Amino acid sequence: MALKSVHSLSIPTCISSVHNTRSRSRFSIFPALNKSPRLSHSVRVMGSYASSQKPDNVQEASSIGYASISEEEWKKRLTKEQFYITRQKGTERAFTGEYWNTKTPGTYHCICCDTPLFESSTKFDSGTGWPSYYQPLGNNVKSKLDLSIIFMPRQEVLCSVCDAHLGHVFDDGPPPTGKRYCINSASLKLKPK
Ligand SMILES: [Zn+2]
């Protein structure tokens, strides 16, 4: 891990206290764009290494219809926050999203294209302030390498059908998969059972 060099680099304040957080949540959280003061001491980057997970085999044809939707059209269809998260790869503040603490049984769908992405039965309390799941539904979620933070490669998670940015996946999740899908509430719509 590259954590030893972190302190000498000019990095966002939200990930500058990595060294002091060993005893806190066993899960890391999104490092980017989180400016909440109360979280500034509890953020760490553990678990954010490049995952060995391969992108799922996605049918190319399934996303053709959504690829042609313009940014302007997405802006009309989504709220400002939903657009920022899903189409501009934004991150909502921890503990502020609609679903971070939700335990309602049901299925979480893509806010953009309504594809079912996660079942509530795979949701678990990660302590991060974002809804977290250990498994997506089928191949409806894909991942790809995210190098937006140069010393911290991560696996971005996207909707396989419409390419909406959902969050990131880490390898420190619970059994049976060991995966932790750390997802923005704003990219989801829960349909209760
Ligand atoms: Zn979608």
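Here is what the cut-offs are and how they apply
- Residues numbered from 1 in each chain as written.
- Predicted model: local features only at pLDDT ≥ 70, side-chain atom pairs only at ≥ 80, totals over all residues.
- Heavy atoms only, no water.
- UniProt positions renumbered as here; feature names shortened; annotations may be inferred.
- Helix = DSSP H or I, 4+ residues; strand = E, 2+ residues; numbered from the N terminus.
- Contact = heavy atoms within 4.5 Å.
- Areas by Shrake-Rupley, 256 points an atom, 1.4 Å probe, with all protein chains shown as cover.
- Donors = N, O, S within 2.8 Å, 3.2 Å for Na, K, Ca; no water.
- Tetrahedral: all angles 85-135°; square planar, octahedral: opposite > 155°, others 65-115°.
- Buried < 20%, exposed > 50% of the residue type's maximum accessible area, 1.4 Å probe, protein only.
- Phe/Tyr/Trp six-rings, centres within 6.5 Å; stacked < 30°, edge-to-face > 60°.
- Lys NZ or Arg CZ within 6 Å of the ring centre and 35° of its normal.
- Pairing = 2+ DSSP bridges.
- Axes fitted to C-alpha atoms, helices over the stretch in contact; angles between N-to-C directions.
- Polar contact = N/O pair within 3.5 Å; in protein donor to acceptor, adjacent residues only side chain to side chain.

Under an unreviewed UniProt entry, the chain has the name Peptide-methionine (R)-S-oxide reductase and belongs to Nelumbo nucifera. According to its UniProt record, the chain has this under Catalytic activity (unreviewed entry): "L-methionyl-[protein] + [thioredoxin]-disulfide + H2O = L-methionyl-(R)-S-oxide-[protein] + [thioredoxin]-dithiol". Listed in UniProt under the heading Sequence similarities (unreviewed entry), the comment for the chain reads: "Belongs to the MsrB Met sulfoxide reductase family."

Caption draft 1: Spatial organisation of the overall build of the chain. Check the secondary structure of the chain and you find 3 helices and 9 strands. When the helices and strands of the chain are listed from N to C terminus, the series reads α-α-α-β-β-β-β-β-β-β-β-β. Long-range pairs, those at least 24 residues apart, make up 60% of the contacts in the chain between residues at least 6 apart in sequence. Approximately 9900 Å² of the chain is accessible, and the part contributed by carbon and sulfur atoms is 54%.

Caption draft 2: Examining the coordination of the zinc ion more closely. Coordination of the zinc ion by the protein comes from Cys110 (SG), Cys113 (SG), Cys159 (SG) and Cys162 (SG), over a distance range of 2.3 Å. Seen from the zinc ion, its 4 donor atoms lie at angles of 102 to 116 degrees, and the figure they make is tetrahedral. Site description for the zinc ion: donor spacing in sequence, C-x2-C-x45-C-x2-C. By relative accessible area, cysteine 110 is classed as buried at 1%.

Caption draft 3: Layout of the environment of glutamate 81. Within the secondary structure, glutamate 81 sits in helix H3 (residues 80-88). Judged by its relative accessible area of 44%, glutamate 81 falls in the partly exposed class.

Caption draft 4: Representation of unusual backbone geometry within the structure. At the junction of proline 175 and proline 176, the peptide bond is cis and its omega measures out at 5 degrees in the coordinates. On the secondary structure map, proline 176 appears in the loop between strand S7 (165-170) and strand S8 (180-183). You will see that lysine 89, though not glycine, has its phi angle at about 55 degrees, which is positive. One can find lysine 89 in the loop between H3 and strand S1 (106-110).

Caption draft 5: Region of the structure containing the packing of aromatic side chains. Applying the stated criterion to the full structure yields 6 aromatic pairs. Members of the aromatic cluster, connected to one another through ring pairs, are Tyr99, Tyr108, Phe118, Tyr133 and Tyr181. In this structure, arginine 87 is placed above the aromatic ring of tryptophan 74, and the distance from its NZ or CZ to the ring centre is 4.0 Å.

Caption draft 6: The arrangement of the sheet that holds strand S2 (residues 116-119) in detail. With respect to topology, 3 strands assemble into an open sheet ordered S2-S1-S9, the strand pairing being antiparallel. Every other strand in the sheet has two partners, leaving S2 and strand S9 (188-192) as the edge strands with one partner each. On average, each strand axis in the sheet is inclined to that of its neighbour by 30 degrees, with strand direction left out of account.

Caption draft 7: Structural detail: the sheet that holds strand S3 (residues 123-124). Strand order in the open sheet formed by 6 strands is S3-S4-S8-S7-S6-S5, with antiparallel pairing between adjacent strands. Across the chains shown, the open sheet's two edge strands, defined by having one partner strand only, are S3 and strand S5 (141-146). As paired strands, strand S4 (residues 132-133) and S8 are joined by 2 bridges and run antiparallel to one another. Note that in S8 the partner of tyrosine 133 across the bridge is tyrosine 181.

Caption draft 8: Highlighting the environment of aspartate 171. The topology assignment puts aspartate 171 in the loop between S7 and S8. The class of aspartate 171 is partly exposed, set by a relative accessible area of 26%. A sequence separation of 10 residues divides aspartate 171 from tyrosine 181, and the C-alpha atoms of the two residues are 8.9 Å apart. Within the structure, the side chain of aspartate 171 is placed 2.6 Å from the side chain of lysine 179, a separation counted as a polar contact.

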